[in-house]
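The residues making up each chain are set out below.
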Amino acid sequence: MATRRRKATRYLTTSAVLAALGVIFLAFGAFVEVLDLTMAAVASLTVVFAVIELKGKYPLLIYLVTSVLALLLLPSKTPALVYLLFAGYYPILKVLLEGYLSRAASWLLKILAFNVAAVVIVLVSVKVLMLYTVEWKAWYILLLLPLNAVFAVYDVALTRLITAYMLRLRGRFRFLRED
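Quick summary incoming for the structure in this document. Treat the numbers as computed from the prediction; the structure is a model and nothing was measured.

### Some points on the overall build of the chain
Step number 1: Across its full length, the chain holds seven helices and zero strands.
Step number 2: Going from N to C terminus, the chain has its helices and strands arranged as α-α-α-α-α-α-α.
Step number 3: Residue burial in the chain is summarised as follows: out of 179 residues, 39% are buried.
Step number 4: Sequence separation of at least 24 residues holds for 69% of the intrachain contacts in the chain that already meet a minimum separation of 6.
Step number 5: Approximately 10,700 Å² of the chain is accessible, and the part contributed by carbon and sulfur atoms is 73%.

As structure tokens, this is what we get:
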């Protein structure tokens, strides 16, 4: 019983640290606005770590806590919005799709999820937060193809980072193992 409680405490503490780290990354993106999308992608690595090491409800909790705190605390909402509407939950979605579907089907659904998220991000940015004053339809249509290419690079890079972590770094995190 004590071991189970100790493990739960360890997982909850690790989750809190990862959520705080995610907010710090997003804050850096909010203050250095040219890095807003990059920092949303970097913040998603905290969820990747949780998916690999903590499993269960913890990755989702980290995603939700980081999203809420970033939306409440950050002066620029763009990194928080990108994290909330795509980058934060994408590692969880990636694991689910790649674990249960064929490669072609998972890629199709991942690209579809990205495009839906991209449209929602633009709509929320323009219509709700009023971040941009230009007509969004014109420039979004022009950016859709390069955005999909960037997404494909992000997905492949994320896969390679996960593989590198699993092969080289995973054994170093002893604090998550049983005593």
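The structure having been displayed, the exposition proceeds.
### Focus on a nonpolar patch on the surface
Step number 1: Taken together, the side chains of Leu-96, Tyr-100, Leu-101, Leu-109, Leu-112, Val-116 and Val-120 present a nonpolar region at the surface, about 670 Å² in accessible area.
Step number 2: Sorting elements by how many residues they give to the nonpolar patch places helix H6 (residues 103-128) first, with four residues.
Step number 3: Considering the arrangement of structural elements, one finds Leu-112 in helix H6.
Step number 4: Accessibility expressed as a relative area gives 52% for Leu-112, which makes it exposed.

### Remarks on the packing of helix H2 (residues 36-53) against helix H4 (residues 78-87)
Step number 1: Put simply, H2 and H4 touch, their axes get as near as 9 Å, and they point 50° apart. What the angle tells us is that H2 and H4 run oblique. Of the two elements, H2 crosses H4, and the hand of that crossing is right-handed. Here H2 contributes Asp-36, Leu-37, Ala-40, Ala-41, Ala-43, Ser-44, Thr-46 and Val-47 to the contact with H4, which in turn contributes Thr-78, Pro-79, Val-82, Tyr-83 and Ala-87.
Step number 2: For the contact of H2 with H4, the per-class residue count stands at nine nonpolar, three polar and one charged.

### Topic: the nonpolar core
Step number 1: In this structure, Leu-26, Leu-54, Ile-62, Leu-74, Tyr-83 and Phe-86 are the most contacted members of the largest nonpolar core, which totals 36 residues.
Step number 2: Only helix H1 (2-31), H2, helix H3 (58-73), H4, H6 and helix H7 (136-169) provide two or more residues apiece to this core.
Step number 3: It is H2 that contributes the most residues to this core, eight residues altogether.
Step number 4: In this view, Phe-86 contacts Phe-114, Ala-117, Ile-121, Phe-151 and Tyr-154; residues no more than four positions away in its chain are not counted.

### Regarding the side chain of Ser-15
Step number 1: Tracing the sequence through the fold places Ser-15 in helix H1.
Step number 2: The class of Ser-15 is buried, set by a relative accessible area of 6%.
Step number 3: A polar contact of 2.8 Å, which involves the side chain of Ser-15, links it to the backbone oxygen of Tyr-11.
Step number 4: Leaving out residues up to four positions away in the same chain, Ser-15 has contacts with Leu-54, Tyr-58 and Ile-62.

### A few points about H6
Step number 1: A rise of 1.5 Å per residue sets the reference length of H6, with its 26 residues, at 38 Å; its end C-alpha atoms lie 36 Å apart and thus fit the reference within 8%.
Step number 2: The complete set of buried residues in H6 reads Ser-106, Lys-110, Ala-113, Phe-114, Asn-115, Ala-117, Ala-118, Ile-121, Val-122, Ser-125 and Val-126.

### Considering H4
Step number 1: Burial analysis of H4 places nine of its 10 residues in the buried class, the great majority of the element.
Step number 2: Thr-78, Pro-79, Ala-80, Leu-81, Val-82, Tyr-83, Leu-85, Phe-86 and Ala-87 are the residues of H4 that are buried.

### Some thoughts on the packing of H1 against H2
Step number 1: Here H1 crosses H2 at 170°, and the two axes come no closer than 7 Å. When the axis of H1 is compared with that of H2, the two are roughly antiparallel. Touching Tyr-11, Thr-14, Leu-18, Leu-21, Gly-22, Phe-25, Leu-26, Phe-28 and Gly-29 of H1 are Asp-36, Met-39, Ala-40, Val-42, Ala-43, Thr-46, Phe-49, Ala-50 and Glu-53, all from H2.
Step number 2: Here the contact of H1 with H2 is composed, by residue class, of 12 nonpolar, four polar and two charged.

What counts as what
- Residues numbered from 1 in each chain as written.
- Predicted model: local features only at pLDDT ≥ 70, side-chain atom pairs only at ≥ 80, totals over all residues.
- Heavy atoms only, no water.
- Helix = DSSP H or I, 4+ residues; strand = E, 2+ residues; numbered from the N terminus.
- Buried < 20%, exposed > 50% of the residue type's maximum accessible area, 1.4 Å probe, protein only.
- Contact = heavy atoms within 4.5 Å.
- Areas by Shrake-Rupley, 256 points an atom, 1.4 Å probe, with all protein chains shown as cover.
- Patch = residues over 30% accessible without salt bridge, like charges linked within 9 Å, V, L, I, M, F, W, Y side chains within 5 Å.
- Salt bridge = Lys/Arg side-chain N within 4 Å of Asp/Glu carboxyl O.
- Axes fitted to C-alpha atoms, helices over the stretch in contact; angles between N-to-C directions.
- Parallel < 35°, antiparallel > 145°, perpendicular 65-115°, else oblique.
- Left-handed = near helix turned anticlockwise from the far one by under 90°.
- Nonpolar A, V, L, I, M, F, W, Y, C, P; charged D, E, K, R; others polar.
- Core = buried A, V, L, I, M, F, W, Y, C linked by side-chain atoms within 4.5 Å.
- Polar contact = N/O pair within 3.5 Å; in protein donor to acceptor, adjacent residues only side chain to side chain.
- Expected span 1.5 Å × (residues − 1).

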